[in-house]
Amino acid sequence: MTTLAWGALTDTGRIRDVNQDGVFSAEDVFVVADGMGGHRGGEVASAIVVEEMAKITAVSSTDELIEMVQQANLEVLERAREDPSLYGMGTTMVALVAMTEADTERLCVVNVGDSRLYVRTDEEMLQLTDDHSLVEGMVRDGWISPEEAMVHPQRNVVTRALGVEDELLVDAWELQPVTGDRYLLCSDGLTNELSDAEILEILDETDDPVEAASSLVQAACAAGGRDNVTVVVVDVVDAESTESEPPADRVIATRKAVHDDVDVEDSTEAADAATADEGTSDESESLELDSLSWRSFLDWRSFETWPLKWFAAVALVVLVLLLVLLAVL
Ligand code: MN
């Protein structure tokens, strides 16, 4: 079995009153969940997911792991239906699980939302997970640069989370464990405060994963600590050596769900349907989940960064003026 050493730490940060992040670390299971939704919702959602994932005893395939995440999703939905005060709660989740699949040692990763997994190999540091967030979609489609995404007012808006719909898309990876590699699981409270370069520098300062986790959390708090910060550093102490050269990014297989469709009309319909269903919903609390509602569509800040919307708006005005002119003549 692959031997791992780890350090895990979560902190409320400097601004928030409560910590809605959840974390779990054991010999071969590591989970970070970033809950959202006002009242106690966020804390409850992340706690449910952490509890569900902690039940892992003998998972032997990536499929089983994905099923566990989907089960946790149903659990969050179920609890929200039972307790109206929890309505609208959701959570992200990233997990790293060491397992033996068909006599081969593997590290399996599952991800939903904008918590992240990085790998630090002897060569480089890479972000393996994609963020399921509005700004990630905007970067992918070329509307804004990665630098602009870091300071974008809507950078907290996720497009995928547990607790939103019965059906859940889960991204999954199978990685080859390599002795000396260091993995980092974290919530966006870390990555919104520190750049990848800053994270890498801190990771390289010490061989002790506990110390590394603690330094990262301290640095995020010193940089502002505007959100809850959660960090798990996992070191591969001893991995079975294989004859074949491991891939540079350690990825043996990927099972990524189709990219979220950042299509404004479709998402709006879904958001409207969800709101109509419940009658009333707290606008400020559902904002993170109803990522592409009309509210955010009409938000001037999104206009600023969405040239197509500007173009559409101007074209519409010109068209109306032309029609008025025609009618007058
Ligand atoms: Mn967060």
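For the structure itself, look to the data block above.
No experiment lies behind these values; they were computed from the predicted model shown.

Asker: Help me understand the environment of proline 153, please; the structure alone is not making it clear to me.
Answerer: Within the secondary structure layout, proline 153 lies in the loop between helix H4 (146-151) and strand S9 (171-175). In this structure the C-alpha to C-alpha distance between proline 153 and valine 135, which are 18 residues apart in sequence, comes to 9.4 Å.

Asker: How should I be thinking about the pairing of strand S5 (residues 93-101) in this particular structure?
Answerer: In terms of residue burial, S5 counts as a mostly covered element, since 7 of its 9 residues are buried. In terms of strand pairing, strand S3 (residues 29-36) meets S5 through 4 bridges, oriented antiparallel. For phenylalanine 30, the partnering residue across the bridge sits in S5 and is leucine 96. Note: S5 against strand S6 (residues 104-112), 9 bridges, orientation antiparallel. Along S6, the bridge assignment pairs glutamate 101 with threonine 104. The loop that links S5 with its antiparallel partner S6 comprises 2 residues; one of these, alanine 102, has a positive phi angle of about 50°.

Asker: It is not clear to me how the nonpolar core should be interpreted in this structure. Could you clarify?
Answerer: Judged by nonpolar contacts, the single largest core of 31 residues is most densely connected at Met53, Leu65, Val69, Met93 and Val110. When residues of this core are traced back to their parent elements, those giving at least two are S3, helix H1 (41-54), helix H2 (62-82), S5 and S6. Among the elements that make up this core, the one with the highest residue count is H2 (7 residues). Leave out the neighbours within four places in its chain, and leucine 65 touches Met53, Ile56, Val59, Val97, Met99, Cys108 and Val110.

Rules used in this analysis
- Residues numbered from 1 in each chain as written.
- Predicted model: local features only at pLDDT ≥ 70, side-chain atom pairs only at ≥ 80, totals over all residues.
- Heavy atoms only, no water.
- Helix = DSSP H or I, 4+ residues; strand = E, 2+ residues; numbered from the N terminus.
- Buried < 20%, exposed > 50% of the residue type's maximum accessible area, 1.4 Å probe, protein only.
- Pairing = 2+ DSSP bridges.
- Core = buried A, V, L, I, M, F, W, Y, C linked by side-chain atoms within 4.5 Å.
- Contact = heavy atoms within 4.5 Å.

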